[in-house]
Amino acid sequence: MKLVFAIVHSEDASSLVDALTDKEYRVTRLHSTGGFLKQSNASVVVGVEEAQVEDVLSVIRETCHARSQYINPMPPIMEPGEFYMPYPVEVTFGGATVFVLDVARYERI
Ligand code: 2BA
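Read on for a plain summary of the structure.

Rules behind the numbers
- Residues numbered from 1 in each chain as written.
- Predicted model: local features only at pLDDT ≥ 70, side-chain atom pairs only at ≥ 80, totals over all residues.
- Heavy atoms only, no water.
- Pairing = 2+ DSSP bridges.
- Helix = DSSP H or I, 4+ residues; strand = E, 2+ residues; numbered from the N terminus.
- Axes fitted to C-alpha atoms, helices over the stretch in contact; angles between N-to-C directions.
- Contact = heavy atoms within 4.5 Å.
- Near = heavy atom within 4 Å.
- Polar contact = N/O pair within 3.5 Å; in protein donor to acceptor, adjacent residues only side chain to side chain.
- Areas by Shrake-Rupley, 256 points an atom, 1.4 Å probe, with all protein chains shown as cover.
- Nonpolar A, V, L, I, M, F, W, Y, C, P; charged D, E, K, R; others polar.
- Buried < 20%, exposed > 50% of the residue type's maximum accessible area, 1.4 Å probe, protein only.
- Arc of directions from axis to C-beta.

1. Section: the sheet that holds strand β3 (residues 40-48)
Now for step 1: Spatial ordering of the open sheet is given by β2-β3-β1-β6, a layout of 4 strands whose pairing is antiparallel. If you trace the sheet from one side to the other, it starts and ends with β2 (27-33) and β6 (96-102), each paired once. For this sheet, the mean inter-axis angle between neighbouring strands, taken without regard to orientation, is 20°.
Now for step 2: For strand β1 (residues 2-9) and β6, the ladder comprises 7 bridges, and the chain directions are antiparallel. In the strand pairing of β6, valine 4 is matched with valine 100.
Now for step 3: In this fold helix α2 (residues 53-63) packs onto β1, β3 and β6, with an angle of close to 5° to the strand it touches most, β1.

Here it is in structure tokens:
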């Protein structure tokens, strides 16, 4: 058995969960926060048989899309009289960051 752990954009999470549950996969959505942007994203966890991993990945590819956004970097520590002009930096998020893990044991109690 495998655990597919996908970190996706919040705006894609509902479509992804709906598409997976439509195909009768068991899915858990967790609210998470990216370390770099410090913005909410979603982690979607799916426990599946190894033969189903590629199908889950194809659903993720179909429903999760890359997005660009501009962020203002933190200003450096300034000395008196110094001038800093902040330039927004473009950052691309996803489609999805996906980890596929081996499951040592799975039980539903
Ligand atoms: P964040 O950490 O908020 O990162 C958002 C986007 O910012 C990243 O998109 C990447 O394009 C950029 N980024 C992240 N760290 C950077 C850095 N040190 N320098 C320059 N740009 C940087 P994605 O790579 O698509 O990642 C989206 C989200 O997936 C991340 O949100 C994080 O929550 C998660 N993630 C990505 N890689 C991960 C990993 N190796 N382990 C754990 N979580 C990861």
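2. Observations regarding the site of the ligand
Now for step 1: Around the ligand, a shell composed of Ile7, Gly34, Gly35, Phe36, Leu37, Asn41, Val91, Thr92, Phe93, Gly94, Thr97 and Phe99 is seen.
Now for step 2: The backbone of glycine 35 places a nitrogen or oxygen atom 3.2 Å from an oxygen atom of the ligand.
Now for step 3: Between the ligand and glycine 94 there is a distance of 2.6 Å, counted from an oxygen atom to a backbone nitrogen or oxygen.
Now for step 4: Contact with the protein chains removes 52% of the 750 Å² of surface that the ligand exposes when unbound.
Now for step 5: Ranked by residue count, the leading element in the shell around the ligand is strand β5 (residues 89-93), at 3 residues.
Now for step 6: Looking at the shell around the ligand, its residues break down into 6 nonpolar, 6 polar and no charged.

3. Considerations on α2
Now for step 1: When we look at burial in α2, the residues that qualify are Val53, Val56, Leu57, Val59, Ile60 and Thr63. Angular distribution of buried residues about the axis of α2 spans 155°; they occupy a single face of the element. Exposed positions of α2 whose direction lies more than 90 degrees from the buried face are Glu54, Arg61 and Glu62.
Now for step 2: As for α2, its buried residues are in contact with β1, α1 (10-22), β3 and β6.

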